[in-house]
Amino acid sequence: YHFIFPRGIVIGHYNSECEYGNATLSVDGSSSLGGSNCPSGMGSVTFGAGNLAIGDYSTITGGVGNTASGVSSSVSGGYLNKASASGASVSSGYGNEAGGTYSAVSGGYGNKASVHFSSVSGGYASEARGPYSSVSGGNDNVASGDYSSVSGGSGNTASNEFSSVNGGKNNEASGDYSSVNGGDSNSASGSRSSVNGGQRNQANRPVTIKP
């Protein structure tokens, strides 16, 4: 036998203040007298407590106080996380936001993936704000150039296209295709320039590649 529920299914507590969408599922573990989840998007799903699945086909599969407002966005758990663009996802952690189309935050605290196809993999207070940029852990790191990356460390910045910083602290790769590999307070500002560790080193002249 098949059971068809066009409006949706609520397991646990019903949220009288929610305008449930069509074909939704809410498993509401709220300890209050009324429910606190609200799957208002069409085909949306909420588990946990105090979660809002606003985007059509969005899903929240656990945690507390999370919001999935983009179409087909998802939050897997954690606390006060937001997936606010189409296809965006947050896996866990606290206060993270995936705000770009198909952006992703895997965990940590206070991280942001704010443009399309950007990603942050853990750590805290870091941001991937360039298209296709990535931050892999650490804290207070920023990857703002197209295809830029920061791999851990603290206070590092990769601000130009294809630039990268691999660990260390307070390092900056601001030239296109530039790189800083660890160390402290190093700067690679020339095109295709690089600094390999140390402290307060600068590579500010472009590297010329002859055919």
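All values derive from a computational prediction rather than experimental measurement.

## With respect to the overall build of the protein
In step 1: Summing up its helical and strand segments, the protein has zero helices and 25 strands in all.
In step 2: Compactness check: the protein gives a C-alpha radius of gyration of 21 Å against a globular reference of 17 Å for 211 residues, more than 25% above the reference.
In step 3: Projected onto its principal axes, the C-alpha positions of the protein cover 70 × 35 × 30 Å.
In step 4: Taken across its 211 residues, the protein has 40% of its residues classed as buried.

## Overview of the nonpolar core
The tendency in soluble globular proteins is for nonpolar side chains to be buried as a group.
In step 1: In this structure, V75, V105, V135, V150, V165 and V180 are the most contacted members of the largest nonpolar core, which totals 22 residues.
In step 2: With sequence-adjacent residues up to four places away left out, V150 is seen in contact with S134, V135, S136, N141, V142, A143, N156, T157, A158 and V165.

## Let's talk about the environment of S164
In step 1: On the secondary structure map, S164 appears in strand β20 (residues 164-165).
In step 2: Residue S164 is classed as buried on the basis of its relative accessible area, which comes to 14%.
In step 3: In sequence terms S164 and F47 are 117 residues apart; their C-alpha atoms lie 38 Å from each other.

## Focus: a nonpolar patch on the surface
In step 1: Together, V64, Y79, L80, Y94, Y109 and Y124 line one region of the surface with nonpolar side chains, adding up to about 570 Å² of accessible area.
In step 2: Within the secondary structure layout, V64 lies in the loop between β6 (59-60) and β7 (67-68).
In step 3: The class for V64 is partly exposed, based on a relative accessible area of 42%.

## Some remarks on the state of the cysteines
In step 1: The final tally for this structure, using the stated rule, is one disulfide.
In step 2: Between the sulfur atoms of C18 and its disulfide mate C38 the distance is 2.1 Å. As the torsion about the S-S bond is roughly 80 degrees, the C18-C38 disulfide counts as right-handed. Taken together, the residues span a long stretch of sequence, with C18 in the loop between β1 (8-12) and β2 (24-28) and C38 in strand β3 (residues 38-39) at a distance of 20 residues. Both residues of the pair, C18 and C38, belong to the buried class.

## Quick look at the pairing of β2
In step 1: A one-sided burial pattern is seen for β2, the buried positions being T24, S26 and D28 and the unburied ones L25 and V27.
In step 2: Across five bridges, β1 lies against β2 in parallel orientation. Within the sheet, the bridge partner assigned to G12 lies in β2 and is D28.
In step 3: Here β2 pairs with strand β4 (residues 45-46) via two bridges, running parallel. Within the sheet, the bridge partner assigned to L25 lies in β4 and is V45.

## Topic: unusual backbone geometry
In step 1: Backbone geometry at A125 places phi at a positive 55 degrees, although glycine is not the residue there.
In step 2: Along the chain, A125 falls in the loop between β14 (119-120) and β15 (127-128).
In step 3: By relative accessible area, which is 33% here, A125 ends up partly exposed.
In step 4: Positive phi, close to 65 degrees, is recorded for Y132, a residue that is not glycine.
In step 5: Mapped onto the fold, Y132 is located in the loop between β15 and β16 (134-135).

## Some details on the pattern of salt bridges
In step 1: Here the structure, examined in full by the defined rule, presents one salt bridge.
In step 2: R129 serves as the salt-bridge partner of E127, at 3.1 Å between the closest nitrogen and oxygen.
In step 3: The class for E127 is buried, based on a relative accessible area of 18%.
In step 4: Relative accessible area serves as the criterion here: at 40%, R129 is assigned to the partly exposed category.

Calculation notes
Residues numbered from 1 in each chain as written. Predicted model: local features only at pLDDT ≥ 70, side-chain atom pairs only at ≥ 80, totals over all residues. Heavy atoms only, no water. Helix = DSSP H or I, 4+ residues; strand = E, 2+ residues; numbered from the N terminus. Rg over C-alpha atoms; globule rule 2.2 N^0.38 Å. Buried < 20%, exposed > 50% of the residue type's maximum accessible area, 1.4 Å probe, protein only. Core = buried A, V, L, I, M, F, W, Y, C linked by side-chain atoms within 4.5 Å. Contact = heavy atoms within 4.5 Å. Patch = residues over 30% accessible without salt bridge, like charges linked within 9 Å, V, L, I, M, F, W, Y side chains within 5 Å. Areas by Shrake-Rupley, 256 points an atom, 1.4 Å probe, with all protein chains shown as cover. Salt bridge = Lys/Arg side-chain N within 4 Å of Asp/Glu carboxyl O. Disulfide = S-S within 2.5 Å. Pairing = 2+ DSSP bridges.

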